[in-house]
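Close look at the chain arrangement
Residues per chain are reported as follows:
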Amino acid sequence: MKYRTRAVAAAALTVAAALTAPATAAADSQSADGPTITVTIRNDTDAPMVLTSKDNPYGSWVDEPATVVPARSSETVSASSSDRRGFGVQIDYTMPGDATVTLMANNYGTGVANGDGTHIEGVNRHGYAVAARVDAGYPFMTADFAVTR
């Protein structure tokens, strides 16, 4: 009977420890051996950028995109993957006047890391511009996206 009591107590303590662990303990960390993507998003406009979607199907977010990137500010986003072949991410922000900025970072070992697919769409797409610059490629991609008027 004493063994059963100890087993139940140990299980209860394990569950309690898991439930009270800080949220940061579960956060993903930048991969040391798999490919990574780190991008700086610069909002060089006088309007806020509001996150509408983020897609990272073959990796995990280390630093997720901000819900809002205020005017005249920047945001750093990073992601990693355990797939050594590489991966890509897509982040979409809405701008005032019905414009959507789509930022894409592609970091695959079979080609040059790039921002192909980055664009602006919507009724007011001509009111904004976006430029993508890749500073370092596979496996540890770094890039800069500048959104301007």
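Residues numbered from 1 in each chain as written. Predicted model: local features only at pLDDT ≥ 70, side-chain atom pairs only at ≥ 80, totals over all residues. Heavy atoms only, no water.

**A closer look at the side chain of Asp-144**
Following the sequence through the fold, Asp-144 ends up in strand β10 (residues 140–148). On the basis of relative accessibility, which here comes to 10%, the residue Asp-144 falls in the buried class. Dropping the residues within four chain positions of it, Asp-144 is found in contact with Thr-40, Arg-42, Ala-131, Ala-132, Arg-133 and Asp-135. (Helix = DSSP H or I, 4+ residues; strand = E, 2+ residues; numbered from the N terminus. Buried < 20%, exposed > 50% of the residue type's maximum accessible area, 1.4 Å probe, protein only. Contact = heavy atoms within 4.5 Å.)

**Describing the nonpolar core**
If you look at the biggest cluster of nonpolar residues, it comprises 27 residues, and the most contacted ones within it are Val-39, Ile-41 and Tyr-93. Elements with a minimum of two residues in this core: β1 (36–43), β2 (49–55), β5 (73–80), β6 (86–95), β7 (99–108) and β10. For Ile-41, the residues in contact, after removing those within four places along its chain, are Met-49, Ser-73, Ser-74, Glu-75, Val-77, Ile-91, Tyr-93, Leu-103 and Phe-145. (Core = buried A, V, L, I, M, F, W, Y, C linked by side-chain atoms within 4.5 Å.)

**Some points on the sheet that holds β7**
By definition, the strands of a sheet pair up through backbone hydrogen bonds, in either a parallel or an antiparallel sense. In spatial order, the strands read β4-β2-β6-β7-β8; together these 5 strands make up an open sheet with antiparallel pairing. The sheet is open, and its two borders are formed by β4 (68–69) and β8 (119–121), each paired with just one other strand. Taken together, the 3 bridges between β7 and β8 define a ladder with antiparallel strand orientation. Its bridge partner lying in β8, Val-101 is registered against Ile-120. (Pairing = 2+ DSSP bridges.)

**Notes on the environment of Asn-114**
Summarising the element assignment, Asn-114 is placed in the loop between β7 and β8. Those residues in contact with Asn-114, other than ones at most four positions away along the chain, are Met-104, Ala-105, Asn-106, Val-134 and Met-141. In terms of polar contacts, Asn-114 uses its side chain to reach the backbone carbonyl oxygen of Val-112, at 2.9 Å. (Polar contact = N/O pair within 3.5 Å; in protein donor to acceptor, adjacent residues only side chain to side chain.)

**Quick notes on the pattern of salt bridges**
Close approach of charged atoms allows side chains of opposite charge to pair. In this structure the tally under the stated criterion is 6 salt bridges. Asp-144 is the salt-bridge partner of Arg-42, the closest N and O atoms lying 3.6 Å from each other. Of this pair, Arg-42 sits in strand β1 while Asp-144 is found in strand β10, placing the two residues 102 residues apart along the sequence. Arg-42 gets classed as partly exposed once you look at its relative accessible area, which sits at 30%. The network of salt bridges with common partners includes Arg-42, Asp-44 and Asp-144. (Salt bridge = Lys/Arg side-chain N within 4 Å of Asp/Glu carboxyl O.)

**Quick look at the pairing of strand β9 (residues 129–136)**
By the bridge criterion, 7 bridges tie β9 to β10 in an arrangement that is antiparallel. Across the sheet, residue Val-130 finds its bridge partner in β10, namely Val-147. Between β9 and β10, which follow one another and run antiparallel, lie 3 residues.

**Overview of the environment of Arg-133**
Here Arg-133 shows up in strand β9. Overall, Arg-133 belongs to the partly exposed group, its relative accessible area being 48%. Distance from Arg-133 to Val-39, taken between C-alpha atoms, is 9.6 Å for residues 94 residues apart in sequence. Non-local contacts of Arg-133, meaning those with residues more than four positions away in its chain, are made with Thr-142, Ala-143 and Asp-144.

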